[in-house]
Amino acid sequence: MPEVGTTGTTDIGAFGERVRLLRRERGQTLEELSRASGVSRAMISKVERGEKSPTVTVAAGIAAGLGVEVARLLGGEERRRGFVLPRSRQMVLRDPQSGYERRLLAGAQEGGRELEFVRDEVPPGGRAEALDAGRAGVSGHLAVERGRVRVRLGEEVHDLEEGDALAFEADGGCEVENRGEGTAIVYRILRS
């Protein structure tokens, strides 16, 4: 399963601390967050203490239970006039078995809404799912830098090629399937 990390090191402690702070800000107990997220109380506790690296599914569940974008848990920065996020500090979710990689390029709050900008590398035949899609009020934009992909928005299907872009409402989910022979590179912006 993919795990949270950075390109250089895994920052499990910072991820867990953000989970703990947000949970406490919302006045949630571990049990309440467990029910809201679908993640066990024991797993949330281990994540908060930095003892366990969350998989993509666990990170998405915790974010949903807290009512925030995954980007916020991964360390999305507050909006400023200018902010450089070096490649070495970008948070990455990587699945070593499939070769799938999600790189968080930016995450912020804007006008009371969460914003997430990610770069997905999807291996041939692989799939990538927008972690926060499926929640009401999530919209997005997607651009294909390299490859051929099939985008599923609930029951709706779009076949896109290099250079194509798509604006969408993601409350029915958003899955990208690589239909080409090489690794596909897709950029996504999600707002909720």
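Residues numbered from 1 in each chain as written. Predicted model: local features only at pLDDT ≥ 70, side-chain atom pairs only at ≥ 80, totals over all residues. Heavy atoms only, no water.

### Quick look at the overall build of the protein chain
The following threshold applies: Segments assigned H or I by DSSP are reported as helices when at least four residues long, segments assigned E as strands when at least two residues long, and all are numbered from the N terminus. Buried, partly exposed and exposed residues are distinguished by accessible area as a fraction of the type maximum, computed with a 1.4 Å probe on protein chains only: under 20%, between the cut-offs, and over 50%, respectively. Every residue pair with non-hydrogen atoms within 4.5 Å of one another is taken to be in contact.
When helices and strands are tallied, the protein chain shows 5 helices and 11 strands. Per-residue burial over the protein chain gives 46% buried out of 192 residues. Considering only residue pairs separated by 6 or more positions, the protein chain has 65% of its internal contacts joining residues 24 or more positions apart.

### Comments concerning the packing of helix 2 (residues 30-37) against helix 3 (residues 41-48)
Quick reminder of the rule: Axis lines are fitted through C-alpha atoms, for helices just across the contact stretch, and the angle between N-to-C directions can take any value from 0 to 180 degrees. With respect to orientation, any angle under 35 degrees is reported as roughly parallel, any angle over 145 as roughly antiparallel, any angle of 65 to 115 as roughly perpendicular, and every other angle as oblique. Each crossing gets its handedness from the near helix: less than a right angle anticlockwise from the far helix is left-handed, clockwise is right-handed. Amino acids are sorted into nonpolar (Ala, Val, Leu, Ile, Met, Phe, Trp, Tyr, Cys and Pro), charged (Asp, Glu, Lys and Arg) and polar (every other residue, Gly among them).
Where helix 2 meets helix 3, the axes come as close as 9 Å, and the angle between the chain directions of the two elements is 110°. Between helix 2 and helix 3, the angle falls in the class roughly perpendicular. The chirality of how helix 2 crosses helix 3 is right-handed. Residues L30, E31, L33, S34 and S37 of helix 2 touch helix 3, and the partners they reach there are R41, I44, S45 and E48. Considering only residue class, the contact of helix 2 with helix 3 consists of 3 nonpolar, 3 polar and 3 charged.

### Side note on the nonpolar core
Formally: Nonpolar cores were defined as sets of buried Ala, Val, Leu, Ile, Met, Phe, Trp, Tyr and Cys residues, with membership established by side-chain atoms within 4.5 Å.
Core analysis: the biggest nonpolar cluster contains 21 residues, and F15, V19, I62, L66 and L73 have the highest contact counts within it. Put simply, the parts of the chain that give this core at least two residues each are helix 1 (12-25), helix 2, helix 3, helix 4 (56-66) and helix 5 (70-73). Ranked by residue count, the leading element in this core is helix 4, at 6 residues. When sequence neighbours within four positions are dropped, the list of residues in contact with L73 reads F15, R18, V19, L22, A59, I62, A63, L66 and V68.

### Points about the sheet that holds strand 8 (residues 156-161)
Under the convention used in this document: The rule for pairing is simple: two strands pair if DSSP sees at least two bridges between them.
Strand order in the open sheet made by the 4 strands is 5-10-7-8, with antiparallel pairing throughout. Because the sheet does not close on itself, it has two edges, and the strands there are strand 5 (127-129) and strand 8. Looking at each pair of strands side by side, their axes are set apart by 20° on average, direction ignored. As defined by bridge partners, strand 5 adjoins strand 10 (residues 175-178) across 3 bridges and the pair is classed as antiparallel. Considered in strand 10, the bridge of A128 is made with V176.

### Looking at a negative patch on the surface
In plain terms, the rule: Only residues above 30% relative accessible area that lack a salt bridge enter a patch, with like-charged residues linked at up to 9 Å and the nonpolar side chains Val, Leu, Ile, Met, Phe, Trp and Tyr linked at up to 5 Å. We get accessible surface area from the Shrake-Rupley algorithm with a probe of 1.4 Å; when it comes to residues, only the shown protein chains can shield them. Throughout this description, the term salt bridge denotes a Lys or Arg side-chain nitrogen within 4 Å of a carboxyl oxygen of Asp or Glu. This count recognises Lys and Arg as positive and Asp and Glu as negative, with His and chain-terminal groups excluded. By convention, the charge on Lys lies at NZ, on Arg at CZ, on Asp at CG and on Glu at CD.
Together, E145, E161, E162 and D164 line one region of the surface with negative charge. The topology assignment puts D164 in the loop between strand 8 and strand 9 (165-169). Note on D164: relative accessible area 31%, which makes it partly exposed.

### A closer look at the side chain of R119
Formally: We define a polar contact as two N or O atoms separated by no more than 3.5 Å, with the added condition that, inside protein, one atom must be a possible hydrogen donor and the other a possible acceptor, whereas residues neighbouring each other in sequence contribute only through side-chain atom pairs.
Locating R119 in the fold gives a position in strand 4 (residues 113-122). At 2.5 Å, the side chain of R119 and the side chain of E121 are in polar contact. Not counting the four nearest positions on each side in its chain, R119 is found in contact with E101, R102, R103, L105, E145, I185, V186 and Y187.

### Some details on the pattern of salt bridges
Under the definition given, this model contains 16 salt bridges. Note that R119 is salt-bridged to E121, the shortest N-O span being 2.5 Å. Note that E177 is salt-bridged to R179, the shortest N-O span being 3.6 Å. Take E177: its relative accessible area is 11%, and that puts it in the buried class. Through salt bridges that share partners, R127, R152, E175, E177 and R179 make up one connected network.

### Quick notes on the side chain of Q28
The residue Q28 is located in the loop between helix 1 and helix 2 in this model. Contacts of Q28, omitting those with residues within four sequence positions, involve R23, L33, A36, G65 and L66.

### Here's the deal with the pairing of strand 6 (residues 139-146)
Bridge count for strand 6 against strand 9 is 5 bridges, and the pairing is antiparallel. Bridged to G140 within strand 9 is F168. As paired elements, strand 6 and strand 11 (residues 184-191) share 7 bridges and run antiparallel to each other. By the bridge assignment, R146 is partnered in strand 11 with I185.

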